[in-house]
Amino acid sequence: QSEADLIERRKHAESMLHNKSLMSSAAAVVPIPGLDVTADLKLMTDIIENINKEYGLSHKQVSGYTDDIKQKIVFSAAKSGSDFIGKKVTKGFVAVVFKMMLRREALKQSKWVPVIGQAVSGTISYYMMKKLGEQHIDKCERVARELIV
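Rules of the game
Residues numbered from 1 in each chain as written. Predicted model: local features only at pLDDT ≥ 70, side-chain atom pairs only at ≥ 80, totals over all residues. Heavy atoms only, no water. Helix = DSSP H or I, 4+ residues; strand = E, 2+ residues; numbered from the N terminus. Contact = heavy atoms within 4.5 Å. Buried < 20%, exposed > 50% of the residue type's maximum accessible area, 1.4 Å probe, protein only. pLDDT = per-residue confidence, 0-100. Patch = residues over 30% accessible without salt bridge, like charges linked within 9 Å, V, L, I, M, F, W, Y side chains within 5 Å. Areas by Shrake-Rupley, 256 points an atom, 1.4 Å probe, with all protein chains shown as cover. Salt bridge = Lys/Arg side-chain N within 4 Å of Asp/Glu carboxyl O. Axes fitted to C-alpha atoms, helices over the stretch in contact; angles between N-to-C directions. Parallel < 35°, antiparallel > 145°, perpendicular 65-115°, else oblique. Nonpolar A, V, L, I, M, F, W, Y, C, P; charged D, E, K, R; others polar.

### A word on the side chain of S125
Right, so step 1: One can find S125 in helix α6 (residues 118–148).
Right, so step 2: Excluding anything up to four places from it in sequence, S125 contacts S24, S25, A28 and D40.

Rendered as C-alpha coordinates:
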(Lines give C-alpha, C1' and ligand atoms only; values in the text may rest on other atoms or scores of the structure.)
Protein backbone atom coordinates (compact mmCIF):
# COMPACT_ATOMS: atom_id res chain seq x y z
CA GLN A 1 0.00 0.00 0.00
CA SER A 2 1.10 3.54 -0.70
CA GLU A 3 -0.23 7.00 0.12
CA ALA A 4 -1.98 7.08 -3.28
CA ASP A 5 -3.65 3.73 -2.48
CA LEU A 6 -4.93 5.11 0.83
CA ILE A 7 -6.34 8.20 -0.88
CA GLU A 8 -8.13 6.00 -3.44
CA ARG A 9 -9.44 3.67 -0.71
CA ARG A 10 -10.79 6.67 1.23
CA LYS A 11 -12.62 7.95 -1.87
CA HIS A 12 -14.25 4.54 -2.41
CA ALA A 13 -15.18 4.23 1.27
CA GLU A 14 -16.63 7.76 1.43
CA SER A 15 -18.68 7.20 -1.73
CA MET A 16 -20.12 3.97 -0.34
CA LEU A 17 -20.76 5.68 3.00
CA HIS A 18 -22.66 8.53 1.32
CA ASN A 19 -24.92 6.07 -0.52
CA LYS A 20 -25.62 3.98 2.61
CA SER A 21 -26.29 7.17 4.61
CA LEU A 22 -28.86 8.24 2.03
CA MET A 23 -30.55 4.83 2.40
CA SER A 24 -30.64 5.34 6.16
CA SER A 25 -32.21 8.75 5.70
CA ALA A 26 -34.86 7.31 3.37
CA ALA A 27 -35.71 4.54 5.86
CA ALA A 28 -36.10 7.10 8.65
CA VAL A 29 -38.71 9.03 6.68
CA VAL A 30 -40.96 5.99 6.10
CA PRO A 31 -43.57 5.95 8.90
CA ILE A 32 -43.31 2.23 9.72
CA PRO A 33 -42.35 1.63 13.36
CA GLY A 34 -38.98 -0.07 13.75
CA LEU A 35 -38.07 0.08 10.06
CA ASP A 36 -35.48 2.81 10.59
CA VAL A 37 -33.72 0.96 13.43
CA THR A 38 -33.68 -2.33 11.53
CA ALA A 39 -32.41 -0.60 8.39
CA ASP A 40 -29.76 1.32 10.34
CA LEU A 41 -28.38 -1.83 11.97
CA LYS A 42 -28.15 -3.59 8.60
CA LEU A 43 -26.63 -0.55 6.91
CA MET A 44 -24.11 0.04 9.71
CA THR A 45 -23.04 -3.62 9.58
CA ASP A 46 -22.60 -3.31 5.80
CA ILE A 47 -20.70 -0.02 6.15
CA ILE A 48 -18.27 -1.42 8.70
CA GLU A 49 -17.67 -4.61 6.71
CA ASN A 50 -17.22 -2.70 3.43
CA ILE A 51 -14.81 -0.18 4.97
CA ASN A 52 -12.82 -2.98 6.60
CA LYS A 53 -12.60 -4.80 3.24
CA GLU A 54 -11.60 -1.60 1.44
CA TYR A 55 -8.61 -1.22 3.77
CA GLY A 56 -7.79 -4.96 3.85
CA LEU A 57 -8.87 -5.18 7.49
CA SER A 58 -11.89 -7.49 7.41
CA HIS A 59 -11.96 -10.50 9.72
CA LYS A 60 -11.48 -12.87 6.78
CA GLN A 61 -8.59 -10.85 5.33
CA VAL A 62 -6.82 -10.41 8.68
CA SER A 63 -7.15 -14.15 9.37
CA GLY A 64 -4.99 -14.81 6.29
CA TYR A 65 -2.15 -12.52 7.38
CA THR A 66 1.00 -13.65 9.17
CA ASP A 67 0.97 -13.58 12.97
CA ASP A 68 3.27 -10.55 12.97
CA ILE A 69 0.92 -8.52 10.74
CA LYS A 70 -2.14 -9.67 12.73
CA GLN A 71 -0.48 -8.50 15.93
CA LYS A 72 0.30 -5.08 14.38
CA ILE A 73 -3.32 -4.74 13.24
CA VAL A 74 -4.77 -5.70 16.61
CA PHE A 75 -2.40 -3.36 18.46
CA SER A 76 -3.03 -0.46 16.07
CA ALA A 77 -6.81 -1.00 16.09
CA ALA A 78 -6.84 -1.02 19.90
CA LYS A 79 -4.74 2.15 19.95
CA SER A 80 -7.15 3.89 17.57
CA GLY A 81 -10.12 2.82 19.70
CA SER A 82 -11.83 0.62 17.11
CA ASP A 83 -14.06 -2.26 18.17
CA PHE A 84 -14.57 -3.44 14.58
CA ILE A 85 -11.22 -3.66 12.80
CA GLY A 86 -10.15 -7.23 12.07
CA LYS A 87 -13.07 -8.75 13.96
CA LYS A 88 -16.17 -10.61 12.86
CA VAL A 89 -18.93 -8.00 12.64
CA THR A 90 -22.36 -9.18 13.82
CA LYS A 91 -25.60 -7.24 13.99
CA GLY A 92 -25.75 -7.77 17.77
CA PHE A 93 -22.26 -6.37 18.25
CA VAL A 94 -23.01 -3.39 15.99
CA ALA A 95 -26.29 -2.79 17.83
CA VAL A 96 -24.55 -2.47 21.21
CA VAL A 97 -21.85 -0.11 19.93
CA PHE A 98 -24.32 1.80 17.74
CA LYS A 99 -26.66 2.41 20.71
CA MET A 100 -23.79 3.69 22.87
CA MET A 101 -22.64 6.09 20.13
CA LEU A 102 -26.19 7.14 19.38
CA ARG A 103 -26.83 8.01 23.03
CA ARG A 104 -23.70 10.15 23.20
CA GLU A 105 -24.59 11.98 19.98
CA ALA A 106 -28.25 12.37 20.97
CA LEU A 107 -27.23 14.05 24.20
CA LYS A 108 -25.04 16.48 22.27
CA GLN A 109 -27.71 17.20 19.65
CA SER A 110 -30.86 17.14 21.80
CA LYS A 111 -30.61 20.80 22.79
CA TRP A 112 -30.81 21.74 19.09
CA VAL A 113 -33.78 19.56 18.14
CA PRO A 114 -36.75 20.02 20.48
CA VAL A 115 -39.30 18.38 18.13
CA ILE A 116 -38.37 15.69 15.64
CA GLY A 117 -40.54 15.36 12.56
CA GLN A 118 -40.05 12.82 9.81
CA ALA A 119 -37.97 15.14 7.62
CA VAL A 120 -35.76 16.10 10.54
CA SER A 121 -35.53 12.44 11.52
CA GLY A 122 -34.25 11.57 8.04
CA THR A 123 -31.65 14.33 8.23
CA ILE A 124 -30.46 13.19 11.64
CA SER A 125 -30.34 9.58 10.48
CA TYR A 126 -28.15 10.59 7.51
CA TYR A 127 -25.88 12.67 9.74
CA MET A 128 -25.46 9.93 12.36
CA MET A 129 -24.75 7.18 9.83
CA LYS A 130 -22.25 9.40 8.01
CA LYS A 131 -20.53 10.48 11.22
CA LEU A 132 -20.16 6.91 12.51
CA GLY A 133 -18.88 5.75 9.12
CA GLU A 134 -16.38 8.62 8.87
CA GLN A 135 -15.02 7.77 12.31
CA HIS A 136 -14.54 4.15 11.20
CA ILE A 137 -12.83 5.24 7.95
CA ASP A 138 -10.42 7.40 9.98
CA LYS A 139 -9.61 4.50 12.30
CA CYS A 140 -9.06 2.05 9.44
CA GLU A 141 -6.85 4.58 7.69
CA ARG A 142 -4.73 5.05 10.82
CA VAL A 143 -4.25 1.29 11.10
CA ALA A 144 -3.43 1.00 7.38
CA ARG A 145 -0.88 3.84 7.66
CA GLU A 146 0.87 2.09 10.52
CA LEU A 147 1.16 -1.04 8.37
CA ILE A 148 2.91 0.97 5.64
CA VAL A 149 5.68 2.10 8.00
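Picking up after the structure, the text goes on.
### What to know about the environment of L17
Right, so step 1: For L17, the position within the fold is in helix α1 (residues 3–29).
Right, so step 2: Classification of L17 as buried rests on a relative accessible area of 0%.
Right, so step 3: Put simply, L17 and G133 are 116 residues apart on the chain and 6.4 Å apart in space, counted from C-alpha to C-alpha.
Right, so step 4: Setting aside its immediate chain neighbours within four residues, L17 contacts I47, M129, K130, G133, E134 and I137.

### Digging into the confidence of the model for the protein
Right, so step 1: Looking at the protein, the pLDDT average stands at 79 and 73% of residues meet or exceed 70.
Right, so step 2: Averaged pLDDT values over the elements of the protein bottom out at 60 in helix α5 (residues 91–109) and peak at 92 in α1.
Right, so step 3: Here residues 110–115 scores under 50 on pLDDT; set against residues more than four positions off or in separate chains, the count is two contacts.

### Some words on a nonpolar patch on the surface
Right, so step 1: Taken together, the side chains of V30, I32 and L35 define a hydrophobic patch exposed on the protein surface, amounting to about 220 Å² of accessible area.
Right, so step 2: Mapped onto the elements, I32 comes out in the loop between α1 and α2 (35–54).

### Remarks on the side chain of S24
Right, so step 1: One can find S24 in helix α1.
Right, so step 2: For S24, a relative accessible area of 0% gives the class buried.
Right, so step 3: Residues in contact with S24, not counting those within four places in the same chain, are D40, L43, S125 and M129.

### Re the packing of α1 against α2
Right, so step 1: Viewed as axis vectors pointing N to C, α1 and α2 meet at an angle of 175°, and their least axial separation amounts to 9 Å. Classified by the angle their axes make, α1 and α2 are roughly antiparallel. Of the residues in α2, those touching α1 at R9, H12, A13, M16, L17, K20, M23, S24, A27 and A28 are L35, D36, A39, D40, L43, D46, I47, N50, I51 and E54.
Right, so step 2: The residue makeup of the contact of α1 with α2, split by class, is 11 nonpolar, three polar and six charged.

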